[in-house]
Amino acid sequence: MTQHPVRLSGVSKTFGAHTAVSDFDLEIPEGSVYGLLGPNGSGKTTTIRMIMDILMPDSGSVELFGRPPDFAGRGRVGYLPEERGVYEKMKVLEQLVFLGQIRGVARDLARKRACEWLERLDLADWASKKVRELSKGMQQKVQFVGTVLHDPKLLILDEPFSGLDPINQDVLESIVRERSALGTTVLFSTHLMEQAERLCERVCLISRAKKVLDGDLKELKRRERSGTIAVEFDDALGRSDPRRAWQQERAVGSWPGVAGVVQAGDAWHLSLEDGAGARSVLAAAVAEGAELRRFELLEPTLHEIFVRHAGNDDNDNGAGPDGGAR
Amino acid sequence: MKQVWVILVREYLEKVKTKGFWIATLALPVLMLGMMGVSAFLGIRSQQAEADRPLVVLDRTGALGEAVVERIGAAGYATELLEADLGVEEMDRRVTEEEVEAFLILDERTAAEGAFVYRGQDSPGRVRSALLAAIVGEAALENRLAGAEEAESLRALVRGGRLEYEAVGGEVAEVARVAAKAHGMIGAVLLYMCMAIYGSFVLRSVLEEKRTRIVEVVISSVRPWQLMLGKIMGVGSMGLTQLAIWMLCVALIGTAGISFLVQVVPAADTSMISEILPSVGSVALLAVFFVLGYFLFSSLFAAVGAMCSREEEAAQAQLPVIALLGIPFVLQMSTAGGASFAWMGWAALFPFFSPILMYPRAVDGSAPVWMVAASIVLMVAAIFAMAWLSGRIYRVGILMQGKRPSLRELYRWVRAA
């Protein structure tokens, strides 16, 4: 079996009376893109800081590359903290070369790689500017470059997307994918479910210091599938023509195995009787000659799964309108 | 060790590349040059002005004129004696047409009580007034004494009593000793300033890394002691650069100044100069005390920086360290008048007091060699102890945010690290 770059078992951490992380287990398989999801204040950053040995757990054990998070282990990690730390008075390129050098990359190589990255992230013109002259988003990109200069085996990114515009979010996403394809393990935290849904192979949902769900994203969604089928007819005029809508509802309701029908915009959401399969419903629809535009086994979005499991006290998670995620 | 070097270089360049560093570094020699220039300029100006326009002594007594002119001339002013009497209008014409600076009119009142008229366009100014009054008064007195018995002793008494100093060991030895005391004092002031200023640079640098949280990134690749050592040495190198530039400037300006003096005043006595200049040994000792003192204090400053999260907090937390610097400084300054106490020599053995108290004593020879050596050994030991302690506080503190630790928490940090 492959080694787990990160493994936490039974980890707890309290700050005074506040429990930040409680009895937390986590295993991150090698080569995966792992999302640590949860609302603000749920313990994501505390968890990451314990992995990086910035905080010590009160109890439980943390392993980085199979050992306690020692110096050698941390050196193989590219770590982007949530607080954007930069030397404000240094020039962009100098700063990157410095960050590369302290991680053991030779000066010239660090300079070469930094230049390539700056080119790629549209920052080449800013190389000799002081960091404090850059916008927040640009600083964040510079800092990201700093985390990948030494070709880390493991990338730990704490809220890497916050503060970036959509274009740069896409750029960062594609870089994460590319790193992953090269074999780098990626762990990142976010409260943006949509991002996680696009990027992650595995996710871990945290709410109020506790793990709620953990596992392969596809698997999770299959497991969370409610068995609802969405159907849309080609002449989807249900909304504007009540008579037509009524006809459609009746037709759909008459298919074998359908227990209930609910209108959802242009679509009909069918719930099935116990034991009934989607296949027989589709067969009936085809046999009837219905002109279908859409026939889909509905899977819950991460957002829905999260809300379902974390309860309704997490409305402040800023997940945004991601109900339409495909 | 390579990482320490990388951090040292970054710290050094960041400090040295700022405008502030160069302004501060160059301001001192420029100020020195400026002051020398201004005084030289003023000297030349006043000489010229007086060369152009003489003070004319108009002697109506027929007895004082020669003595007065001779003394004014000896004081460096252009002057001439006019035996013939002139009318007021003629005098005023010569003054307004700038042939003459002013007239000194000596008459019977002058002979009797020393009062005389100074008739010119500008008032003579305080210094010249006093000088001229003294000269005329003396001349008048001489004139009266001329016939008296015991003229010599009366003259001497009128001048006031006279202190005759007998320098033990001769004049040269005395100059050297005064110079050594001065070097000690200047060295103590320099050490105090450098340790306080460069130490607070270290503190601010630690604080900045903590505030921006870049330390969380750096610490994942560099061990805390490496970061601390690199930072201290980087700031220290900057300090040495600054000191070296200053020394160079002082040496250049000093050499230029001496050769200028020799040219302008060929008769100037330069035999004492070698006695006034600090010896190579005392400069080397200053460097030793600077390096040791700086390491001792900057590690404390680094620990203080690691304990705090904000500048205001740090300003408070560094007070004990500032006190450790300030106490010996005040003690040392209190000896400037010449008083010195034996117990201060012993206090100088306390490592935190050593640089400021021991250096002056080592230079002027009032501390025996074994004591100087002992203070250096104790300082080295203290540096290791403080590096160990500060390193532990630094290691824990650098990643802590929020409230400053209490002494008890600090104790736990030291034990936990």
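Residues numbered from 1 in each chain as written. Chains lettered and ligands numbered in written order. Predicted model: local features only at pLDDT ≥ 70, side-chain atom pairs only at ≥ 80, totals over all residues.

**Notes on the overall build of chain B**
Right, on to step 1. Looking only at helices and strands, one finds 18 helices and four strands in chain B.
Right, on to step 2. Taking 22 Å as the expected radius of gyration for a compact globule of 417 residues, we find that chain B reaches 32 Å, considerably beyond that expectation.
Right, on to step 3. Referenced to the eigenvectors of the C-alpha coordinate spread, the extents of chain B come out at roughly 100 × 50 × 40 Å.
Right, on to step 4. Across the 417 residues in chain B, those meeting the buried criterion constitute 34%.
Right, on to step 5. Of the contacts formed within chain B by residues at least 6 apart in sequence, a portion of 75% connects residues at least 24 apart. (Helix = DSSP H or I, 4+ residues; strand = E, 2+ residues; numbered from the N terminus. Rg over C-alpha atoms; globule rule 2.2 N^0.38 Å. Buried ≥ 20, exposed ≤ 12 C-beta atoms within 10 Å, placed from the backbone. Contact = placed C-beta atoms within 7 Å.)

**Overview of the sheet that holds strand S5 (residues 77-80) of chain A**
Residue and element names in this part refer to chain A.
Right, on to step 1. The sheet built from six strands is open, its strands ordered S5-S6-S7-S3-S8-S9 with mixed pairing. The open sheet has two free edges, formed respectively by S5 and strand S9 (210-216), since each of these has just one partner strand. Strand-to-strand twist across the sheet, computed as the mean angle between neighbouring axes with direction ignored, equals 10 degrees.
Right, on to step 2. Direction of pairing for strand S3 (residues 33-37) relative to strand S7 (residues 185-190): parallel, over a ladder of five bridges. The residue bridging Gly 35 from the neighbouring strand is Phe 188, located in S7.
Right, on to step 3. The strands touched by helix H5 (residues 136-148) are S5 and strand S6 (154-158); relative to S5, the strand with the most contacts, the crossing angle is about 165 degrees. (Pairing = 2+ DSSP bridges. Axes fitted to C-alpha atoms, helices over the stretch in contact; angles between N-to-C directions.)

**So, the nonpolar core**
Right, on to step 1. Within the largest apolar cluster, 141 residues are counted, with the highest numbers of intra-cluster contacts made by A:Ile156, B:Ala302 and B:Tyr359.
Right, on to step 2. With 16 residues, the single largest contributor to this core is helix H12 (residues 280-307) of chain B.
Right, on to step 3. If we ignore the near neighbours within four places in the chain, the residues touching B:Ala302 are B:Val202, B:Leu203, B:Val206, B:Met228, B:Lys231, B:Ile232, B:Ser390 and B:Tyr394.
Right, on to step 4. Counting 22 residues, the second-largest nonpolar core is a separate cluster that includes B:Leu64, B:Phe116, B:Val136 and B:Ala140. (Core = buried A, V, L, I, M, F, W, Y, C linked by C-beta atoms within 7 Å.)

**Some points on the packing of H12(B) against helix H16 (residues 354-363) of chain B**
Residue and element names in this part refer to chain B.
Right, on to step 1. Put simply, H12 and H16 touch, their axes get as near as 10 Å, and they point 165 degrees apart. Here H12 is positioned roughly antiparallel relative to H16, judged by the angle of their axes. For the element pair H12 and H16, the recorded crossing hand is right-handed. Between H12 and H16, the residues in contact are Ser 282, Leu 285, Leu 286, Phe 289, Leu 292 and Gly 293 and Pro 355, Tyr 359, Ala 362 and Val 363, respectively. (Parallel < 35°, antiparallel > 145°, perpendicular 65-115°, else oblique. Left-handed = near helix turned anticlockwise from the far one by under 90°.)

**Brief notes about unusual backbone geometry**
Most of the time, phi is negative for any residue but glycine, and the peptide bond is trans.
Residue and element names in this part refer to chain A.
Right, on to step 1. Phi is positive for Asp 151, close to 50 degrees, though the residue is something other than glycine.
Right, on to step 2. Within the fold, Asp 151 resides in the loop between H5 and S6.
Right, on to step 3. Its identity as a non-glycine residue notwithstanding, Arg 208 has a phi of 45 degrees, on the positive side.
Right, on to step 4. Summarising the element assignment, Arg 208 is placed in the loop between strand S8 (202-207) and S9.
Right, on to step 5. Classification of Arg 208 as partly exposed rests on a count of 16 C-beta atoms within 10 Å.

**Some details on the domain arrangement of chain A**
Right, on to step 1. When cut into domains, chain A gives domain 1 (6-223) and domain 2 (226-297).
Right, on to step 2. A separation of 44 Å is found between the C-alpha centroids of domain 1 of chain A and domain 2 of chain A. (Domains from an automatic or database assignment.)

**Concerning the interface of chain A and chain B**
Right, on to step 1. Opposite the 20 residues of chain A that make contact, chain B presents 16 residues.
Right, on to step 2. Those elements that place two or more of their residues in the side of chain A that touches chain B are helix H2 (71-75), S5 and helix H3 (92-102) of chain A.

**Concerning helix H4 (residues 107-120) of chain A**
Residue and element names in this part refer to chain A.
Right, on to step 1. Compared with the 20 Å implied by 1.5 Å per residue over 14 residues, the 20 Å span of H4 between its first and last C-alpha is a close match.
Right, on to step 2. Burial in H4 covers these residues: Ala 110, Ala 114, Trp 117 and Leu 118. Taken down its axis, H4 places every buried residue within 100 degrees of arc, on the same side. When the buried face of H4 is taken as reference, the exposed residues oriented beyond 90 degrees from it are Asp 108, Glu 116 and Glu 119. (Expected span 1.5 Å × (residues − 1). Arc of directions from axis to C-beta.)

**Overview of the sheet that holds strand S12 (residues 267-272) of chain A**
Residue and element names in this part refer to chain A.
Right, on to step 1. Judged by pairing direction, the sheet is antiparallel, and its four strands sit side by side in the order S11-S12-S10-S13 without closing on themselves. If you trace the sheet from one side to the other, it starts and ends with strand S11 (258-264) and strand S13 (292-297), each paired once. Neighbour to neighbour, the strand axes of the sheet diverge by 20 degrees on average, direction disregarded.
Right, on to step 2. Looking at chain direction, strand S10 (residues 229-233) and S12 are connected through three bridges and run antiparallel. Note on S12: the bridge partner recorded for Val 231 is Trp 268.
Right, on to step 3. Contacts from helix H9 (residues 242-253) reach S10, S11 and S12 within the one sheet, and its direction differs from that of S11 by about 150 degrees.
Right, on to step 4. Together, S10, S11, S12 and S13 form the strand contacts of helix H10 (residues 278-288), whose direction differs from that of S13 by roughly 170 degrees.

**Side note on the confidence of the model for chain A**
Right, on to step 1. In this model, chain A carries an average pLDDT of 83, and 93% of its residues clear a pLDDT of 70 or more.
Right, on to step 2. A low-confidence stretch, residues 313-326 of chain A stays under pLDDT 50, and its non-local contacts, those more than four residues away or across chains, total 21 contacts. (pLDDT = per-residue confidence, 0-100.)

**Considerations on the environment of B:Asp364**
Residues and elements named next belong to chain B.
Right, on to step 1. Mapped onto the fold, Asp 364 is located in the loop between H16 and helix H17 (369-397).
Right, on to step 2. Of the residues examined, Asp 364 has 20 C-beta atoms within 10 Å and is grouped as buried.
Right, on to step 3. For the pair formed by Asp 364 and Arg 415, sequence separation is 51 residues and the distance between their alpha carbons is 43 Å.
Right, on to step 4. Apart from the residues lying within four places of it in its own chain, the contact partners of Asp 364 are Arg 177, Ala 180, Lys 181 and Gly 184.

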